[in-house]
Every structure is written in C-alpha cells, then in structure tokens.
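If you want the building blocks of each chain, they are given just below.
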Amino acid sequence: MSGTQSQATASSLQICRIMRPDDANIVGNVHGGTILKMIEEAGCIIGTRHCNTQPGLSQDRCAAQLARVERTDFLYPMFIGEVAHVSAEITYASKHSVEVQVHVMSENILTGATKMTNRAALWYVPFSLENVNNVTEVPPIKYASPGQEEEGKKRYEAQKMERLETKERNGELLMPVSAPDRTTKEPYTVGFSQSSLIHLVGPSDCTLHGFVHGGVTMKLMDEVAGIVAARHCKTNIVTASVDAINFHRKIMQGCVVTVSGRATFASNKSMEIEVFVDADPLIEAEKGKYRAVTAFFTYISLDMQGKPLPIPPMKLEGDGEQRRFEDGKMRYLQNKAKRLADKERQQ
Amino acid sequence: MSGTQSQATASSLQICRIMRPDDANIVGNVHGGTILKMIEEAGCIIGTRHCNTQPGLSQDRCAAQLARVERTDFLYPMFIGEVAHVSAEITYASKHSVEVQVHVMSENILTGATKMTNRAALWYVPFSLENVNNVTEVPPIKYASPGQEEEGKKRYEAQKMERLETKERNGELLMPVSAPDRTTKEPYTVGFSQSSLIHLVGPSDCTLHGFVHGGVTMKLMDEVAGIVAARHCKTNIVTASVDAINFHRKIMQGCVVTVSGRATFASNKSMEIEVFVDADPLIEAEKGKYRAVTAFFTYISLDMQGKPLPIPPMKLEGDGEQRRFEDGKMRYLQNKAKRLADKERQQ
Amino acid sequence: MSGTQSQATASSLQICRIMRPDDANIVGNVHGGTILKMIEEAGCIIGTRHCNTQPGLSQDRCAAQLARVERTDFLYPMFIGEVAHVSAEITYASKHSVEVQVHVMSENILTGATKMTNRAALWYVPFSLENVNNVTEVPPIKYASPGQEEEGKKRYEAQKMERLETKERNGELLMPVSAPDRTTKEPYTVGFSQSSLIHLVGPSDCTLHGFVHGGVTMKLMDEVAGIVAARHCKTNIVTASVDAINFHRKIMQGCVVTVSGRATFASNKSMEIEVFVDADPLIEAEKGKYRAVTAFFTYISLDMQGKPLPIPPMKLEGDGEQRRFEDGKMRYLQNKAKRLADKERQQ
C-alpha cells in the first residue's frame with residue numbers, strides 16, 4: 001500500500017451492514033441504539049488508528065476511548081432489510097483528544113432510495129495500553145485551511161467546558177431506580193414509566209483491553225429510554241435525538257451495569273428521558289458501584305403508518321419532578337431555537 | 001450509597017429486557033429457554049456478588065456456579081416486544097451453597113398488562129478463582145425469622161438428597177442419539193422425533209473464568225426439547241414446565257456439546273421429553289466425553305390462536321420405551337396431585 | 001446524491017468491522033468462517049442492489065441468493081482486535097447471474113500494518129420476491145474493455161459446467177454422520193475425527209425473506225471442519241483454503257441444519273476435510289431432509305507462535321476412505337501445480 005493510500009484510509013472510514021430483525025422493534029424501525037453503536041465502532045477504529053500513527057516516534061501503543069458524543073438528531077427512521085452506511089472522518093485533534101465526525105445513510109437496496117439519517121460528532125481520548133491510566137499524545141492532523149482548525153478549536157473548547165459541568169451534575173445525583181409498580185403508581189406519572197435494565201458485561205461488549213465499547217453502553221441507554229417512552233405512550237416510539245453524552249468513567253469487563261431511565265419532560269410532540277448508567281464491579285466489591293454516564297434521550301410517538309402522534313401530558317409529583325421538567329423545557333426550547341437558526345442560516 | 005441500600009442490593013436483584021425476534025419461535029412465543037437463561041443470569045450475578053462479600057476477611061475471590069434448578073412451571077406465554085422482568089433474591093445460605101429464588105413477570109408495555117410467568121429456585125456453589133477445584137465458604141445471610149432459616153434448611157437437605165440420586169441415574173445411561181431417519185422411522189414413534197443439537201462452546205457462552213453459563217446449557221436443552229415436540233406434534237409447541245435439573249459437571253470453553261432429546265411420555269394435553277447434555281473437550285481428548293446434565297421438559301401444543309391442542313399419542317417400541325413411558329406417567333401423576341394439593345391449600 | 005455517485009456505489013462496496021473474541025479461536029486466530037460470512041454479506045448487498053437497478057423497466061423486486069463461491073486461499077491469519085476490510089465489486093453479469101469479486105484486508109490499527117488476507121469470487125442469482133421460484137433478469141453492466149467481458153464470460157461458462165458436475169456428486173452421496181466414539185475408534189482414523197454440528201435456524205441467520213444467508217452456512221461449515229482438524233491434530237488449526245462451494249438448494253427459516261465433516265486427505269503440511277450440509281424442515285416434514293451444500297476445506301496446524309506443524313498421517317480404513325484419499329491427493333496436486341503456474345506467470 002503506497003503512502004498516499006495509507007493516508008487516505010487513515011483519516012476516513014466506511015462501515016456498512018444490513019439491518020436485521022434483532023436491530024429493530026416490532027414495527028421494523030431500527031433502534032437508535034443500534035445506529036449509535038455502529039457510529040461508535042467507526043469512531044473507535046478511526047480514532048485508535050490515528051492515535052497510533054506517529055512515524056519516527058517510538059511511542060506507547062494506545063486505544064482511543066470514547067469521551068463524549070455531541071448532540072445528534074435522528075432525521076429519518078431506518079428499517080429492517082435496509083443497509084446502514086456509516087462514514088467517519090477525523091476533523092480536529094487537540095493535544096490529548098480527537099474529534100470524529102460521522103454521517104449515517106440508509107439505503108433501500110431494493111428501490112435504491114437513500115436517506116441521510118443522522119450526523120454525529122464524537123470525542124476520543126487515547127489511553128496507553130501499557131498503563132491504562134496514562135493519556136497519550138495525539139499526532140497532529142492537516143487542516144484544509146486555517147479557518148478549519150480555528151473552528152475545530154472552538155468546538156473543542158466548548159465541549160471541554162460542558163464536560164466539566166456535567167461532571168459536577170453527575171456527582172450530585174443519586175437516584176435509586178427500581179421497576180415500576182403499576183398498582184401504586186398512577187398512569188403518566190414519572191414513577192409509572194420509570195425503568196431499569198441490568199446487564200452483565202461479557203467479552204463481546206468489550207475492546208481487546210477489557211473496557212466496554214461506548215457504543216454498547218449507548219445501545220443499552222437507548223433501550224431503557226425506549227422502554228420508558230413505550231410505557232408512557234403505549235405506541236410505536238422512536239428515538240428522535242440524543243443530547244450530548246459524556247463518558248466520565250470507564251466500565252470494565254465483569255461489571256454489572258445498571259441502566260435507569262425516567263421521564264423528565266414532555267411537549268405535545270416529543271418526550272425527554274434522562275438515563276443513568278451505574279457500574280458495579282461484581283467481584284472486587286470493595287471498589288463499589290459508580291456512576292459512569294448520564295444522558296438525555298428524546299423520543300417521538302408514531303402510529304402504525306409512521307405518522308406522529310401526540311404525547312400524553314405528564315403528571316408531575318413533587319418539587320424534584322417539577323424542577324427537572326422546567327430544566328427539560330429549557331433544553332427543548334433552546335434546541336428548537338437552535339434548529340430554527342440553523343434553518344435560517346442555510347436559506 | 002448508604003449501608004442499608006448497599007445491603008438491599010446485595011441480597012436482591014432485578015433484571016429486565018425486551019424480548020426480541022431471536023428470543024421467540026415463528027409464532028412469536030418466547031422460548032422457555034430464553035427465560036431460563038435470564039433466570040440463571042440473575043442468579044449468577046446475585047450469587048457471585050454475595051459469595052464475594054465478607055467484610056473483614058481476606059478471602060479468595062470466587063465465582064458462583066449453578067449446581068441445581070428446582071422444578072419450574074411456565075404459567076403464561078411471553079411474546080416478542082414484551083418486557084421480561086426477573087427478580088432474584090438470596091433465600092438460604094448453607095456453608096457451601098446459596099439458594100436464589102427468582103420471579104419472572106411479563107409486561108406488555110403498550111397495554112400495561114403484567115403477568116407472573118414463572119418462579120424458580122436455583123442453587124449455586126462458589127468456586128475459588130485461584131483454584132477452580134476449591135469450593136469456598138459462603139458468607140451467612142440474615143433471616144427475617146428463625147422459621148425462615150428452618151424452612152430453607154429443609155429445602156437444602158431435600159435437594160441435596162435428590163442431587164445424589166440423579167448422579168446415580170446419570171451414570172447408568174449412555175444413549176447415542178443421531179438425527180431421525182424418516183424413511184425408516186414411523187410417525188409418532190420415539191425414534192421419529194428424537195433429535196440432537198451439537199454446539200461448539202464460544203467465548204460468549206462462558207463466564208469470565210471459561211465455564212459455560214448454566215443458562216446457556218438450559219437454553220440449548222429447551223431448544224432440542226422444542227425440536228422433539230415440534231417433530232411429534234407438527235404444531236406451535238411451547239414449554240409448560242421443566243423438572244429439577246442437576247448440574248453435576250462443569251463444561252469448559254472449547255468443548256463440543258451434544259444435546260439430545262427423546263419423547264418419554266405423552267398425555268392428551270402434554271408430552272414429556274428427556275434431554276441429555278454431553279460435553280467433549282475438543283483438544284484434550286484423553287479426558288473423554290462426559291455426561292454433564294440431564295433433565296425432563298414438558299411441552300404443550302397450541303393452535304395459532306394460542307388454544308391448547310391434543311397431543312398425538314405415542315407409538316411405543318420395545319421394553320425400554322415402555323418402561324420410560326411408565327416412569328414419565330408416574331412423574332405426570334405426581335405433579336398433577338401436587339398441583340391439586342397446592343391449590344387446595346391456597347383456598 | 002448525484003447520478004455519478006449513485007453509479008459508483010451501485011457497483012462497489014466496502015464493509016469493515018473490528019474482530020471480537022467470538023470471531024476467533026482461543027489462540028486469537030479469526031475463524032475462516034467469520035471472514036467467509038463477511039465476504040458473503042458484502043456480496044449479498046452489492047448483488048441485490050445491482051439486480052434491482054433497471055431504470056425504466058417495471059421489474060419485480062428481487063433478492064440475490066448465493067449460488068457459488070469460487071476456491072479461495074487464506075493468505076495470512078487475522079487476529080482479534082484487528083479490523084477486517086472487505087471490498088466487493090461486480091465484475092460480470094450474465095442473463096441470470098452476477099459475479100462479485102471480493103478482497104479482504106486485515107489492518108492492525110495499533111501498528112498500522114495491513115495485509116491482504118484473501119480474495120474471493122461469488123456468483124449470485126436473483127429471485128423474485130413475489131414468487132421465490134422465479135429467477136429474474138440481471139441488468140447488464142458496463143465493462144472497461146471488450147476483453148474484460150470476454151474473460152468474465154469464460155469464468156461464467158467454467159463455473160456453470162462445474163456446478164452441473166457437483167450436482168451429480170451430491171445426489172450420489174448420502175452419509176449419516178454421528179458423534180465420534182473414541183472408545184471404538186482409533187486415533188488418526190477418519191472415524192476418530194469425524195464430527196457434526198446441528199443448528200436450528202433462527203431469525204438472525206436469515207435474509208428478510210426467510211432464507212439462510214449463504215455466509216451463515218459457510219460459517220457453520222468452517223466451524224465443523226475446524227472441529228475435525230482439531231480432533232485430528234490436537235493443536236491450533238487454521239483454515240488455509242476452501243474449494244469452490246455450490247449452493248444447490250436454499251435453506252429456509254425453521255429448518256434444522258446438520259453440518260458434518262470428515263477428513264479425506266492429509267499431506268505433511270495440510271489436511272483436507274469434506275463438509276456436508278443437510279437441511280430438515282422442522283414442521284413440514286413431508287418435504288424431507290435434503291442435501292443443501294457440500295465443500296472441501298483445507299486446514300493447517302500451527303504451534304503457539306504461529307509456526308506450521310506437520311499433520312499426523314491419516315490411518316485409512318476401507319476402500320471408500322482410500323478412494324477419497326486418492327481424490328483428495330489429486331485436488332492437492334492440482335492446486336499445487338496451479339499455484340506454481342500462477343507464481344511463474346507473475347514473475
């Protein structure tokens with residue numbers, strides 16, 4: 001393989017796969033979590049590849065670990081039998097992290113129809129394989145123009161700030177989530193739809209180095225958010241968007257992972273679900289359970305023909321739920337304003 | 001996390017998961033084996049967790065290995081798209097084993113309907129991770145009352161006795177099972193429906209320590225019993241109950257596992273299938289093939305609307321089949337009598 | 001997507017994926033079957049896509065079904081943690097079939113090392129989705145030169161002839177294979193290593209239209225061949241090559257598939273294993289069991305450092321084994337001669 005080819009493959013990557021029955025719900029809509037998992041696999045490959053290319057330097061080998069996923073919208077649903085195409089590209093490199101931008105397209109191989117289903121930006125941090133507590137240095141990339149580097153740097157600074165903020169918030173929260181008791185909980189309350197999944201981490205969930213793939217975690221998160229949404233709406237529900245997700249702590253093989261979701265906000269058209277991931281080292285129990293990730297998922301409700309249905313209003317109980325609802329409303333209005341601004345800018 | 005909460009999670013556990021296409025047959029009925037596998041995963045987590053909690057003692061780390069599952073009835077079918085809730089609790093601890101009691105509920109997240117689908121009791125034995133031939137000591141548990149401990153001890157003694165008995169029976173039997181030859185076998189004979197599955201154990205089938213999860217074995221057993229029942233009935237067949245299963249010998253990664261089933265008894269409403277699991281270490285062949293597990297599965301036959309259909313009578317050939325039929329009839333009548341007695345006691 | 005891009009994606013495709021523990025043996029060598037399955041997934045996507053692109057014609061939608069895989073060599077081993085890159089391209093179209101050529105590369109994303117691990121050519125036939133017994137017409141492709149079309153036509157005629165020949169051979173053979181009995185079989189005999197796998201076809205094994213993916217079948221075939229080789233050699237064995245495989249009959253969801261392998265030939269450096277796939281429709285038993293596929297796999301034996309080990313000589317018993325050994329020797333010598341000729345031509 002010649003030098004130019006090698007560079008071409010080093011900075012871009014394509015993954016594709018046929019969507020199967022297990023990737024989708026009963027109506028045939030592919031789970032948002034399946035797509036997030038593919039996105040992260042592409043990001044992990046290209047990120048790890050880049051962080052290990054430093055000709056001339058005798059550097060530690062390293063593995064790129066997912067640190068953050070920016071907010072992403074699911075623009076169109078994908079269906080069983082379609083082919084998902086994921087294209088990833090490295091778009092910014094700081095001293096200790098890389099940004100990977102990813103596009104996802106669905107292709108109906110029978111009709112030839114293709115649709116852009118979503119875009120995402122992921123941040124990876126390289127860890128030394130010899131000492132997993134060491135963050136290694138990221139080789140620089142070439143930018144097409146100084147403006148591109150400038151833009152990337154702004155995105156880098158912005159996400160760095162946000163990551164610090166959520167770190168605080170994660171520490172604050174301690175929420176015991178159990179299975180909902182429908183005999184004592186009233187329909188449309190937060191308690192009625194609150195849900196958890198518990199999963200024992202196995203070899204296929206992990207990288208070679210024994211850490212859970214970020215994509216595996218996001219798939220579980222989407223699954224629990226989907227259960228909350230289905231319990232609330234009792235219809236065909238699909239992922240509409242995922243807010244930025246920060247991965248503060250790694251999860252190791254052999255952990256039991258508890259993923260919990262609760263409704264925080266509902267407009268007429270969509271509902272927001274907060275998801276918590278706690279990891280519990282099964283055998284080394286003295287290390288204790290810890291909060292690994294949190295995120296907000298937004299779901300919409302569809303009828304059997306795929307047309308949007310209104311979301312039943314939430315019944316709020318207590319000050320905490322009221323406060324989280326107001327916070328969710330703020331996020332909802334901010335996103336709406338941002339979408340409108342983006343639209344206007346494009347016109 | 002406070003001390004009381006920590007104790008709460010240490011002695012109880014909830015797992016839930018949406019049922020997928022791969023979990024069910026073509027009609028959408030979730031396989032009994034899928035449920036058994038979830039039950040065992042919950043038991044393995046809670047058992048391993050408990051056996052590693054011994055404050056103040058410098059003990060070997062250990063993994064809880066399934067030793068026995070008590071007889072369990074499948075009270076209601078579960079369907080694709082429903083959520084299976086598995087709750088596990090440690091209910092008795094002897095010096096070298098723990099009893100885990102498990103409840104399974106199905107939840108239709110669209111209608112909100114929930115049903116108790118089955119209950120099970122499992123026995124686990126902890127093995128040292130440093131030396132897998134060492135059984136470690138089980139930390140004591142607190143009982144709500146002396147009566148509870150007493151009851152647990154009775155169950156412990158009863159299962160201990162039964163495990164010794166089946167050990168005998170397992171040694172006796174050596175049955176070569178191959179694929180049925182329909183050109184020479186008559187319909188409704190034992191030979192016509194006799195079936196096997198052969199599976200190479202992979203990493204995902206195993207615990208961190210390279211032993212096959214008991215749940216994986218039970219899923220294969222249910223799968224082969226289902227094939228026997230389908231070949232006999234040619235209808236939609238579902239698992240009605242599983243007799244007590246004893247796991248005499250562990251199965252390691254890299255084994256080829258042969259799971260064979262044959263019809264032993266049929267009443268008008270149900271049929272009983274005996275299942276054998278033999279393990280063959282692929283490379284260390286000198287160790288030889290060994291019988292790892294045996295069990296009896298009971299199946300019922302349903303029409304497409306889920307209504308029970310009569311089971312075609314079996315055509316028995318030879319003394320062995322006749323004897324096993326009589327034994328099966330005895331088990332059938334005993335279970336029927338026990339169910340009636342339980343019912344009367346509850347009234 | 002512009003017109004030119006659309007054409008570009010229509011005739012070429014790239015798939016890539018990180019290799020996981022489940023894709024490999026205990027030593028970390030990725031199974032040949034895993035690679036064959038990826039190759040077939042790429043071929044199925046590009047073949048189905050092409051057969052449904054006929055601008056202006058109101059044609060039935062169709063699915064491309066694997067009809068044949070040409071002989072393929074595994075040039076280098078692939079390992080867990082490496083990324084497998086599969087590139088597929090349509091290289092010939094007859095009236096009712098397409099040829100897809102596939103390249104596979106392994107990439108070590110830590111060191112950046114890449115290797116071509118194998119090349120394959122697959123033939124697909126499109127079936128109408130409205131009537132699965134109807135073969136539809138294949139849209140023509142554009143060739144870079146008349147010579148290319150000519151070459152393709154020659155390959156097409158050659159494989160057509162070979163497919164007819166093996167159809168004969170498949171009809172002849174009817175071999176019941178059961179698990180080997182080591183108490184009666186002597187080491188290094190055919191009977192000692194003869195093996196089977198039996199698998200119930202599930203939703204994830206199938207296309208949307210309920211037929212088993214050719215790649216799933218090939219993965220099972222490689223798995224059983226690997227068991228035979230491991231039982232014979234008792235070492236780390238890896239797939240070296242697969243002879244041309246013809247898929248004479250489709251396998252449907254709900255079938256029980258028996259895959260059997262037996263040693264046919266061994267040189268000092270490699271051994272050949274013949275594999276048979278029989279499908280048995282579970283419920284519609286009147287249709288009866290049928291031979292779906294046969295093939296020859298060649299394995300080599302490696303030590304723990306990956307260096308080749310000699311293959312223990314086979315102990316032949318009976319005329320049949322002797323005859324098959326001679327046939328295998330012929331194939332071995334022909335392939336050796338062909339490889340030498342190819343090498344000389346390239347120099």
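So, how was this worked out
Residues numbered from 1 in each chain as written. Chains lettered and ligands numbered in written order. Predicted model: local features only at pLDDT ≥ 70, side-chain atom pairs only at ≥ 80, totals over all residues. Heavy atoms only, no water. pLDDT = per-residue confidence, 0-100. Helix = DSSP H or I, 4+ residues; strand = E, 2+ residues; numbered from the N terminus. Contact = heavy atoms within 4.5 Å. Buried area = accessible area lost by both parts, 1.4 Å probe. Salt bridge = Lys/Arg side-chain N within 4 Å of Asp/Glu carboxyl O. Disulfide = S-S within 2.5 Å. Buried < 20%, exposed > 50% of the residue type's maximum accessible area, 1.4 Å probe, protein only. Pairing = 2+ DSSP bridges. Least-squares fit on C-alpha atoms with pLDDT ≥ 70 in both. Phe/Tyr/Trp six-rings, centres within 6.5 Å; stacked < 30°, edge-to-face > 60°. Lys NZ or Arg CZ within 6 Å of the ring centre and 35° of its normal. Patch = residues over 30% accessible without salt bridge, like charges linked within 9 Å, V, L, I, M, F, W, Y side chains within 5 Å. Areas by Shrake-Rupley, 256 points an atom, 1.4 Å probe, with all protein chains shown as cover. Expected span 1.5 Å × (residues − 1).

Overview of the confidence of the model for chain A
Residue and element names in this part refer to chain A.
Here's step 1: Averaged over all residues, the pLDDT of chain A equals 86, while 90% of them reach at least 70.
Here's step 2: Averaged pLDDT values over the elements of chain A bottom out at 43 in helix α1 (residues 3-11) and peak at 95 in strand β5 (residues 98-107).
Here's step 3: Across residues 1-9, confidence stays below pLDDT 50; counting only partners more than four residues off in sequence or on other chains, it has 6 contacts.

Remarks on the interface of chain C and chain A
Here's step 1: Facing the 34 residues of chain C at the interface are 34 residues of chain A.
Here's step 2: Between chain C and chain A, a total of about 2900 Å² is buried, with carbon and sulfur atoms accounting for 63% of that surface.
Here's step 3: Considering only the side of chain C, the residues that lose the most area to chain A are Arg20(C), Ile109(C) and Leu110(C), jointly responsible for 22% of the buried surface there.
Here's step 4: On the surface where chain C and chain A come into contact, there are 4 salt bridges.

What to know about the state of the cysteines
Residue and element names in this part refer to chain C.
Here's step 1: Within the structure shown, the criterion is met by 0 disulfides over all chains.
Here's step 2: Counting only cysteine sulfurs, Cys 51 is the nearest neighbor of Cys 62, a cysteine outside any disulfide, at a range of 5.0 Å.
Here's step 3: According to the relative accessible area criterion, Cys 62 is buried, its value standing at 0%.

Considerations on the pairing of strand β11 (residues 271-281) of chain A
Residue and element names in this part refer to chain A.
Here's step 1: In terms of burial, β11 is a largely internal element, 11 of the 11 residues being buried.
Here's step 2: Side chains of β11 alternate between two faces, with Met 271, Ile 273, Val 275, Val 277, Ala 279 and Pro 281 and Glu 272, Glu 274, Phe 276, Asp 278 and Asp 280 buried alike.
Here's step 3: Inspection of the sheet shows strand β10 (residues 255-266) paired to β11 by 11 bridges, in the antiparallel sense. If you follow Gly 261 over to β11, its bridge partner there is Val 275.

Thoughts on the relation of the copies chain C and chain A
Here's step 1: Superposing chain C onto chain A takes a rotation of 179 degrees plus a shift of 0.0 Å along the axis, which leaves an RMSD of 0.1 Å. What the superposition gives is, in effect, a two-fold axis relating one chain to the other. The C-alpha atom lying nearest the rotation axis in chain C is that of Ile15(C); the distance is 2.6 Å.
Here's step 2: Interface overlap between copies: 100% of the residues of chain C at the interface are likewise at the interface in chain A, consistent with a symmetric, same-surface contact.

Quick notes on the packing of aromatic side chains
Here's step 1: One pass over the structure, following the stated rule, counts 18 aromatic pairs over all chains.
Here's step 2: Between Phe265(B) and Tyr332(B), the aromatic rings sit 5.3 Å apart at their centres with planes inclined by 45 degrees, giving tilted as the arrangement. Taken together, the positions of Phe265(B) in strand β10 (residues 255-266) and Tyr332(B) in helix α6 (residues 318-346) put the pair 67 residues apart, joining distant regions of the chain.
Here's step 3: Overall, Phe265(B) belongs to the buried group, its relative accessible area being 5%.
Here's step 4: Its relative accessible area of 24% is what places Tyr332(B) among the partly exposed residues.
Here's step 5: The interplanar angle of 40 degrees and the centroid separation of 6.0 Å between the aromatic rings of Tyr92(C) and Tyr143(C) together place this pair among those described as tilted. Of this pair, Tyr92(C) sits in strand β4 (residues 83-93) while Tyr143(C) sits in the loop between β6 (114-128) and α3 (146-172), and the two are 51 residues apart along the sequence. Here the two residues Tyr92(C) and Tyr143(C) agree in accessibility, since each one is buried.
Here's step 6: A connected cluster of aromatic rings, assembled from ring pairs, spans Tyr92(A), Trp123(A), Tyr143(A) and Tyr156(A).
Here's step 7: Arg249(B) extends its terminal NZ or CZ atom over the ring of Tyr290(B), reaching a point 3.9 Å from the ring centre.

Details of a nonpolar patch on the surface
Here's step 1: A grouping of Leu75(B), Tyr76(B), Met105(B) and Met116(B) is seen on the molecular surface, where their side chains present a nonpolar patch of about 340 Å² in accessible area.
Here's step 2: Since its relative accessible area comes to 45%, Leu75(B) is described here as partly exposed.

Some thoughts on α6(B)
Residue and element names in this part refer to chain B.
Here's step 1: In a regular helix each residue adds 1.5 Å, so 29 residues correspond to 42 Å; α6 covers 43 Å between its end C-alpha atoms and thus fits that length.
Here's step 2: What α6 keeps buried is the set Glu 321, Arg 324, Phe 325, Gly 328, Arg 331 and Asn 335.
Here's step 3: At its buried positions, α6 is contacted by α4 (190-193), β10, β11 (271-281) and β12 (290-302).

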